[in-house]
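# Summary of the model geometry
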Amino acid sequence: MDKKPRTKVKVVIRVRPPLNEEDLTCVYPSKSQNSVEIFNHRNIKENLQYDFSTVYDKTATQREIFEECVQPLLGNSFEGQNVSIFAYGPTGAGKTHTMLGSSMDPGITLRVIKWLFEKCGKDLVPKEESLPQTTISLSYLEIYNEKVRDLLAENSNDLPIREDNKHKIFVAGLTEKVIDSFETFKSHFGPACNRRSVAATNLNEHSSRSHSIVLLKVTRKFKDKEFLGKIHLIDLAGSEDNRRTGNKGMRLKESGAINRSLFALGEVVDAINKNNPRIPYRNSKLTRLLQDSLGGSCHSLMVTNIAPEEHYYYDTYCTLNFASKSKKIVNTCTTIVTSLEKTHPLLKRNATSDSHLPSITKKMKTDDSTTPSASLHSSTSSSNILPSPWKSSVNEKIEELEKQISEFRELAAKEETKNSNSKSSLTPPVNDDSAESSPDVVYATPIIMKRKNALKDTSNLFQNLFGRQKQKVHERLKRILDSGPSCSPLFQDFSSDKKNNKKRKSDSGETPSGKGKDSVVLSKSKFDPIWQEKRNEDFLATLNSASVKDLQQLHTVGTKRAKLIFEWRELHGPFQQLEALKDIPGFTCKYFEKFLKNNLISQ
């Protein structure tokens, strides 16, 4: 078995030009050595050096980054593999410019769309069946305050993130638009960009307040196969220091959600590098959507944007450390391909296409719930998931069955002409309604008898198994009961309890149904009179000496009634008799009787 290709996450560093020439810089990129140096804050006399796949300085162009880093990965989408390209970095480092760019200098997203249409423009409307047919669909979403919003829809709520039976992550209810030209793409993408959450801060006039993801599905059909590749273009929001950005109110809440999601992203990278058995993808919706991009099945490219100014030193230091950890992640790339091999016509029939065998279906349904027609339809529904080597064997079996059916029909016709009684001898006894069915029932009889015998043998087997188990249970219970009394309530002697219950009912004078007038009164034989008298005396002593907390332990007495009893006793002295409780406000006659009954007190 061929091993699946494994690729590391490719990390690229891009250092933007300083916004003001007068600002001091602390980043020293070297494109020739593909390294970045910054001074060590612990020892100013030395520098820290980071090595990456490629390093671009302030002179790098959008076209250069696309052609050298992005374009070589896009071809994998035509082979049914996933590609993920995302921009990472602190706020104001130029991530959105790298992904979107401007009308004069487009970014990665627009250049990817143009390249796809240039590459497969001839395949969008094929003139011949031998040519591949390519379909491209667009989806656009953002994660704003831990809510997934569909940017192609005007009023989108929080969409749920699901996982299919193949452990692939998708967003339920996400809009998907089929695009056939760059103009069609712009007609959908332009209004969607206006719906993205953007606001001004002290560090960036057009700061992204959400993580945005552009999802492109590339479906390529060629002969008997269909390849499905996905391209994720992700623009992450930058981490923010609220002391510098001056965020307040809603901006402060947005920055909190952004920083939490980026912190969860760092936890995922650390867990992958440490080979932990559990990766915390579910800690954030961002990491949940990036599950395939980091440690999953994908060709991933992370464009790390760096701000060179000295007052960005701490953000730059943290960003370079995260990038150096991310380049160690290894993804396993898998190909998503579906076979479009033609199957036997009988596999494609539905329930309505079996009208040429009406009597067989009727007869089999009356005799057995597991009918051949039902099994035929179940094989039809599962034909799409059968491997291609099995389909040929299934087709051969179906052809053999058709030949046998035709032979049975010919045999039945010959027997009917020879002897008029042959039909009754072959067919089993049936009802009057089924006796009027067509001669097709004749050849179905042997199949029915075989299925009946198989079911009979199976039922006998289960009866023997369950009979032995039942006999073991009875023997165990008998041993337990014969061994004597047990303290377990599961094996108590119910016969003696029933006798005692009948004796108690006859002594107390209760009705057998338990619905008489005296059914609510305590049985005289249940408590000893001496015990009852002592119980009443102890209860009266408790009322006269207990605190509020102790009075709450009595049944049906809460905090409010306990305070009433205590305050009444302090004002009027100890209770001489239980009837004095009726003088307390809120102690009605009905509650008084209930109170005594629940506390096992008799008047």
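Look a little higher up for the structure.
Structure report, in brief. What you are looking at is a predicted structure, and each value in this text was computed from that prediction instead of being measured.

### Regarding the overall build of the protein chain
For the protein chain, the helix and strand inventory stands at 19 helices and 19 strands. When contacts within the protein chain are restricted to residue pairs at least 6 apart in sequence, long-range pairs at least 24 apart make up 67% of them. Of the accessible surface of the protein chain, which amounts to about 36600 Å², a share of 52% is contributed by carbon and sulfur atoms.

### As for the sheet that holds strand β4 (residues 35-39)
Overall, antiparallel pairing links the three strands, which are arranged β3-β4-β5 in an open sheet. Looking at strand neighbours, the two that pair on one side only are β3 (27-30) and β5 (47-51), the edges of this open sheet. Neighbouring strand axes in the sheet, compared pairwise and without regard to direction, differ in orientation by 20 degrees on average. In the sheet, β4 pairs with β5 via five bridges, with the strands oriented antiparallel. Of the residues in β5, the one forming a bridge with Val36 is Tyr50. On top of the sheet, helix α8 (residues 313-326) reaches β3, β4 and β5; it is set at about 140 degrees to β4, its chief contact.

### Digging into helix α19 (residues 589-598)
Every buried residue belonging to α19 is among Tyr591, Phe592, Phe595 and Leu596, and all of these are buried. Along the long axis of α19, the arc covered by the buried residues comes to 135 degrees, so they all point the same way. Seen from the open side of α19, the exposed residues pointing more than 90 degrees away from its buried face are Cys589, Lys590 and Glu593. Summarising the contacts, the buried residues of α19 are in contact with α16 (529-545) and α18 (559-572). Positive phi appears at Leu600, one or two residues downstream of α19, with a value of about 60 degrees.

### Side note on the nonpolar core
As a rule of thumb, nonpolar side chains are buried together in soluble globular proteins. The biggest cluster of nonpolar side chains holds 44 residues, and the ones touching the most others in it are Ile13, Phe52, Leu141, Leu265, Leu289, Leu294 and Leu320. Those residues in contact with Leu294 that sit more than four places away from it in its chain are Val9, Phe86, Leu265, Val269, Ile272, Tyr281, Ile329 and Asn331. Judged by nonpolar contacts, the second largest core, of 39 residues, contains Ala60, Cys69, Val214 and Val303.

### So, the side chain of Asn305
Among the secondary structure elements, Asn305 is positioned in strand β17 (residues 299-306). When its relative accessible area of 1% is taken as the criterion, Asn305 is described as buried. One polar contact links Asn305 to Thr98, side chain to side chain, over a distance of 2.9 Å. From its side chain, Asn305 meets the backbone oxygen of Val303 in a polar contact 3.2 Å long. When sequence neighbours within four positions are dropped, the list of residues in contact with Asn305 reads Arg14, Ala87, Tyr88, Gly89, Pro90, Ala93, Gly94, Lys95, Thr98 and Thr319.

### Quick look at helix α3 (residues 108-120)
Counted at 1.5 Å a residue, the expected span for α3 with its 13 residues is 18 Å, and the 18 Å between its end C-alpha atoms agrees. Of all 13 residues in α3, 10 are buried; the element is thus mostly enclosed. Of all the residues in α3, the buried ones are Ile108, Thr109, Leu110, Arg111, Val112, Ile113, Trp115, Leu116, Phe117 and Cys120.

### With respect to the pattern of salt bridges
For the coordinates displayed, the defined rule picks out 17 salt bridges. Close ionic contact of Lys186 with Glu183 constitutes a salt bridge, the shortest N to O distance being 3.7 Å. Of this pair, Lys186 and Glu183 both sit in helix α4 (residues 182-194), three residues apart, roughly one helical turn. Residue Glu254 pairs with Arg209 through a salt bridge whose shortest N-O separation is 2.8 Å. Residue Glu254 is located in helix α6 (residues 250-273), and its partner Arg209 is located in the loop between β14 (207-208) and β15 (211-222); the two are separated by 45 residues in the primary sequence. Pair check on accessibility: Glu254 and Arg209 agree, each one buried. Residues joined by salt bridges that share partners form a network here, namely Glu163, Arg282 and Arg288.

### What about the pairing of strand β7 (residues 83-88)?
With six of its six residues buried, β7 lies for the most part within the structure. Alternating residues of β7 divide into Val83, Ile85 and Ala87 and Ser84, Phe86 and Tyr88, and every residue in both groups is buried. One ladder, built from five bridges, connects β7 with strand β16 (residues 225-235); its direction is parallel. Bridge pairing in β16 links Val83 to Ile231. Here β7 runs beside β17; their pairing, made up of six bridges, is parallel. In the strand pairing of β17, Tyr88 is matched with Thr304.

### Digging into unusual backbone geometry
A positive phi angle, near 60 degrees, is found at Glu146, a position not held by glycine. Positive phi outside glycine occurs at Thr556, with the angle close to 65 degrees. Residue placement: Thr556 occurs in the loop between α17 (548-551) and α18. Owing to a relative accessible area of 31%, Thr556 belongs among the partly exposed residues under this scheme.

### Topic: a positive patch on the surface
A contiguous patch of positive charge on the surface is contributed by Lys560, Arg561, Lys590 and Lys594. Of all the secondary-structure elements, those providing two or more residues to the positive patch are α18 and α19. By relative accessible area, which is 71% here, Lys590 ends up exposed.

### Quick look at the packing of α3 against α4
The N-to-C vectors of α3 and α4 enclose an angle of 150 degrees; their axes lie 10 Å apart at closest approach. Read as a crossing pair, α3 and α4 show a hand that is right-handed. On α4, the residues that touch Thr109, Leu110, Ile113, Lys114 and Phe117 of α3 are Phe182, Phe185 and Phe189. Residues of the contact of α3 with α4, tallied by class, amount to six nonpolar, one polar and one charged.

### Here we look at the packing of aromatic side chains
Applying the stated criterion across every chain, the model contains 10 aromatic pairs. Ring centres of Phe39 and Tyr313 lie 4.5 Å apart, and the angle between their planes is 10 degrees; this geometry places the pair in the stacked category. Residue Phe39 is found in strand β4, and its partner Tyr313 is found in helix α8; the two are separated by 274 residues along the sequence. For Tyr313, a relative accessible area of 11% translates into the label buried. Taking 5.5 Å as the distance between ring centres and 50 degrees as the angle between the ring planes, the aromatic pair formed by Phe539 and Phe595 counts as tilted. Of this pair, Phe539 sits in helix α16 while Phe595 is found in helix α19, placing the two residues 56 residues apart along the sequence. Given a relative accessible area of 3%, Phe539 falls into the buried group. Assessed through its relative accessible area of 0%, Phe595 is described here as buried. By the ring-pair criterion, three or more aromatic residues cluster together here, those being Tyr140, Phe182, Phe185 and Phe189.

Rules used in this analysis
Residues numbered from 1 in each chain as written. Predicted model: local features only at pLDDT ≥ 70, side-chain atom pairs only at ≥ 80, totals over all residues. Heavy atoms only, no water. Helix = DSSP H or I, 4+ residues; strand = E, 2+ residues; numbered from the N terminus. Contact = heavy atoms within 4.5 Å. Areas by Shrake-Rupley, 256 points an atom, 1.4 Å probe, with all protein chains shown as cover. Pairing = 2+ DSSP bridges. Axes fitted to C-alpha atoms, helices over the stretch in contact; angles between N-to-C directions. Buried < 20%, exposed > 50% of the residue type's maximum accessible area, 1.4 Å probe, protein only. Arc of directions from axis to C-beta. Core = buried A, V, L, I, M, F, W, Y, C linked by side-chain atoms within 4.5 Å. Polar contact = N/O pair within 3.5 Å; in protein donor to acceptor, adjacent residues only side chain to side chain. Expected span 1.5 Å × (residues − 1). Salt bridge = Lys/Arg side-chain N within 4 Å of Asp/Glu carboxyl O. Patch = residues over 30% accessible without salt bridge, like charges linked within 9 Å, V, L, I, M, F, W, Y side chains within 5 Å. Lys, Arg positive; Asp, Glu negative; His and termini not counted. Charge placed at Lys NZ, Arg CZ, Asp CG, Glu CD. Left-handed = near helix turned anticlockwise from the far one by under 90°. Nonpolar A, V, L, I, M, F, W, Y, C, P; charged D, E, K, R; others polar. Phe/Tyr/Trp six-rings, centres within 6.5 Å; stacked < 30°, edge-to-face > 60°.

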